[in-house]
Amino acid sequence: MRLKYFAWVRERIGTAEEEVAPPAEVVSVRDLLDWLKQRGDGYAEALRHPEAIRVAIDQEHVHHSEPIANAVEVALFPPMTGG
Amino acid sequence: MRLKYFAWVRERIGTAEEEVAPPAEVVSVRDLLDWLKQRGDGYAEALRHPEAIRVAIDQEHVHHSEPIANAVEVALFPPMTGG
Amino acid sequence: MVAAFAPRIRIQREDFDAGAEVARLSGGRTDIGAVVTFHGLCRDEAGTLSALELEHYPGMAEAEIGRIAAQAAARWPLDGLTIIHRYGLIPAGGNIVLVAAAASHRQAAFEAASFLMDFLKTRAPFWKREHLRDGTPGSWVEAAAADDAAEARWSAPGAPRG
Amino acid sequence: MVAAFAPRIRIQREDFDAGAEVARLSGGRTDIGAVVTFHGLCRDEAGTLSALELEHYPGMAEAEIGRIAAQAAARWPLDGLTIIHRYGLIPAGGNIVLVAAAASHRQAAFEAASFLMDFLKTRAPFWKREHLRDGTPGSWVEAAAADDAAEARWSAPGAPRG
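Read on for an overview of the structure. Fair warning: this is a prediction, and the values are worked out from it, not measured in the lab. (Residues numbered from 1 in each chain as written. Chains lettered and ligands numbered in written order. Predicted model: local features only at pLDDT ≥ 70, side-chain atom pairs only at ≥ 80, totals over all residues. Heavy atoms only, no water.)

## Considerations on the interface of chain D and chain C
Residue-level contacts link 34 residues of chain D with 34 residues of chain C. For the salt bridge of Asp147(D) with Arg106(C), the shortest nitrogen-to-oxygen distance reads 3.0 Å. The tally of links from chain D across to chain C stands at 13 residue pairs in polar contact (both at pLDDT 80 or more). Listing elements by their share of the side of chain D that touches chain C, those giving two or more residues are helix H1 (18-26), strand S2 (34-41), helix H3 (106-123) and helix H4 (145-152) of chain D. Its residues assigned to classes, the side of chain D that touches chain C comprises 13 nonpolar, twelve polar and nine charged. Alignment of strand S2 (residues 34-41) of chain C against S2(D), held across seven bridges, turns out to be antiparallel. In the strand pairing of S2(D), Val35(C) is matched with His39(D). (Contact = heavy atoms within 4.5 Å. Salt bridge = Lys/Arg side-chain N within 4 Å of Asp/Glu carboxyl O. Polar contact = N/O pair within 3.5 Å; in protein donor to acceptor, adjacent residues only side chain to side chain. Helix = DSSP H or I, 4+ residues; strand = E, 2+ residues; numbered from the N terminus. Nonpolar A, V, L, I, M, F, W, Y, C, P; charged D, E, K, R; others polar. Pairing = 2+ DSSP bridges.)

Here it is as structure tokens:
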């Protein structure tokens, strides 16, 4: 699974994208955020308030309850500020 | 007092403007419309439904109850269709 | 609220350049976040219309549009306002009216532009007559009840006030 | 309602010409009565800001804006739609976004343009970072609760549906 990070999520984690292989018990987006938080200080800092993180699976917005089983690309980012 | 007519009011009356001197009992816009209706077939045709006629005194919209005593220029026209 | 700018109001027979007008409104300024533009064109009504002829009341057209602009500027925090209304013969596809409202924030610009158009429709002294494509004389366009309703919503309780 | 047109959507680093875009939307057509344009610019925030840097999610930006455009086209009877969103470094006073909605009648064009802006603000994957005039590094712009409220009004009971 490819992860992509944007804006301050990217800066705090310290990379724009990476490949990960979460264990089988990581089922939902919420599980993925919890699992990522354990991977280091940058992750913990970026995901301290997971409810504030917006997530897209394969370039579509999803809720944190969404299963990630079939995801090819999962993106994590702050609330959007375009327009 | 100068009267100005626009759009189909102008066409039915047959002139774009004229000077008139209504008698003293013509006090309000409504009185003026009633008085004008007597002036000929074109006026009667133009003002058959006086409630549909919009009126401006000195280039400001007014209600039919407005007194005309101090008017220099009174304009009669159909509902506007600009924009 | 007193507007810190003079609205640009033009009543003219000549065509206008919508892009140039918007550029004039925002150009060289760095405090404007949003410009909402309404650009009204002559529809051909499914091919039946060749042109619209717009009669207007010179003098009052400028005065009334000035009053409408002042109301909008008093109601919303605007940074600039342009209103251009053409008269004369306007072929199908041609420009009739341009309203451009500039503001720091988008909601004010959207509401002001919409308010201005609703009031121009019902209060600016212009009358449209159709010129038909088949050569027969067309009639004067009738005022739409929907336009009165659109104007009335701005004085309803709870209407956007900026 | 299925749109009879393909929205023109551009995600680009280059500047755009608002006037040329509106002309492209309405040019040569005689069935369009109204074009409402929203033109978003970089504000200098009372002189403190020199530029905004816009980060975006390539691919998703196009896809999400396409979905938003399709929603607008399904909800209002539109004749054309242009959406341009820039990314990269945009100096104060520069263009950020353009939305232009063309329709036969003004209310549809106003509502669609306003809807599109509200949804672009909350759903299009762009993030703004401030560049300060005094040279210090600026922060990421925070999302405004007002923008979420503006989006939510379109799904409220009684919201304009075209």
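## Observations concerning the pairing of strand S1 (residues 2-5) of chain A
Residues and elements named next belong to chain A. Note that S1 and strand S5 (residues 73-77) share four bridges and pair parallel. Considered in S5, the bridge of Arg 2 is made with Glu 73. Sheet topology places S1 next to strand S2 (residues 17-19); three bridges connect them, and they run antiparallel. Looking at S2, one finds that Lys 4 is bridged to Glu 17.

## Quick notes on the packing of helix H2 (residues 60-75) of chain D against H3(D)
The angle between the axes and the distance between the axes are what describe a pair of packed helices. Residues and elements named next belong to chain D. Between H2 and H3, whose axes approach to 10 Å, the crossing angle comes to 155 degrees. Here H2 is positioned roughly antiparallel relative to H3, judged by the angle of their axes. Relative to H3, H2 is oriented so that their crossing is right-handed. Contact with H2, carried on its side by Glu 64, Ile 65, Ile 68, Ala 69, Gln 71, Ala 72 and Arg 75, involves Phe 115, Leu 116, Phe 119, Leu 120 and Arg 123 of H3 and no other residues of that element. (Axes fitted to C-alpha atoms, helices over the stretch in contact; angles between N-to-C directions. Parallel < 35°, antiparallel > 145°, perpendicular 65-115°, else oblique. Left-handed = near helix turned anticlockwise from the far one by under 90°.)

## Re the nonpolar core
Judged by nonpolar contacts, the single largest core of 81 residues is most densely connected at Leu120(C) and Leu120(D). In contact with Leu120(C), other than residues within four places in its own chain, are Ile65(C), Ile68(C), Ile83(C), Val97(C) and Val99(C). Core analysis: the second largest hydrophobic core is formed by 32 residues, Val9(A), Leu36(A), Ile57(A) and Met60(D) among them. (Core = buried A, V, L, I, M, F, W, Y, C linked by side-chain atoms within 4.5 Å. Buried < 20%, exposed > 50% of the residue type's maximum accessible area, 1.4 Å probe, protein only.)

## Re the relation of the copies chain D and chain C
When chain D is fitted to chain C, the residual RMSD is 0.0 Å, and the transformation amounts to a turn of 180 degrees plus an axial shift of 0.0 Å. The transformation just described matches what one would write down for a two-fold rotation axis. Proximity to the rotation axis, assessed at the C-alpha, singles out Gly19(D) in chain D; its C-alpha lies 1.7 Å from the axis. Comparing contact sets, 100% of the residues at the interface of chain D also lie at the interface in chain C, consistent with an isologous, same-surface contact. (Least-squares fit on C-alpha atoms with pLDDT ≥ 70 in both.)

## Brief notes about the sheet that holds strand S8 (residues 137-140) of chain C
All names here are of chain C. Taken together, four strands build an open sheet; the order of strands is S5-S3-S7-S8 and the sheet is antiparallel. Edge positions in the sheet fall to strand S5 (88-91) and S8, since each has one partner strand and no second. In this sheet, neighbouring strand axes are inclined to one another by 25 degrees on average, regardless of whether the strands run parallel or antiparallel. Relative to S8, strand S7 (residues 126-132) runs antiparallel, the two being bridged by two bridges.

## Section: the sheet that holds S2(A)
Residue and element names in this part refer to chain A. Reading across from one edge, S2-S1-S5-S3-S4 is the order of the five strands in this open sheet, with mixed pairing throughout. With partners counted over all chains shown, the strands left at the sheet margins are S2 and strand S4 (60-62), one partner each. For this sheet, the mean inter-axis angle between neighbouring strands, taken without regard to orientation, is 25 degrees.

## Brief notes about the pattern of salt bridges
The full count for this structure, using the stated rule, is 34 salt bridges over all chains. Its salt-bridge partner being Glu17(A), residue Arg2(A) comes within 2.1 Å of it at the nearest N-O pair. Residue Arg2(A) is located in strand S1, and its partner Glu17(A) is located in strand S2; the two are separated by 15 residues in the primary sequence. According to the relative accessible area criterion, Glu17(A) is partly exposed, its value standing at 35%. Salt-bridge contacts for Glu45(B) lead to Arg48(B); the nearest nitrogen and oxygen are separated by 2.5 Å.

## As for the packing of helix H3 (residues 106-123) of chain C against H3(D)
It is at 11 Å that the axes of H3(C) and H3(D) come closest, and there the two elements cross at 180 degrees. In terms of orientation, H3(C) lies roughly antiparallel with respect to H3(D). Along the contact surface, H3(C) presents Arg106(C), Gln107(C), Phe110(C), Ala113(C), Ser114(C), Met117(C), Asp118(C) and Lys121(C), while H3(D) presents Arg106(D), Gln107(D), Phe110(D), Ala113(D), Ser114(D), Met117(D), Asp118(D) and Lys121(D).

## Observations regarding the arrangement of the chains
The chain pair with the greatest number of contacts, out of three pairs of chains in contact, is formed by chains C and D. Across the gap from chain A to chain B, with no contact made, the nearest C-alpha atoms are 29 Å apart. There is no contact between chain B and chain D; across them, the least C-alpha separation is 10 Å.

## Digging into the pairing of strand S1 (residues 8-12) of chain C
All names here are of chain C. In terms of burial, S1 is a largely internal element, four of the five residues being buried. Of the pairings in the sheet, the one linking S1 to strand S4 (residues 78-86) comprises five bridges and is parallel in character. Counterpart to Arg 8 in the pairing with S4 is Thr 82.

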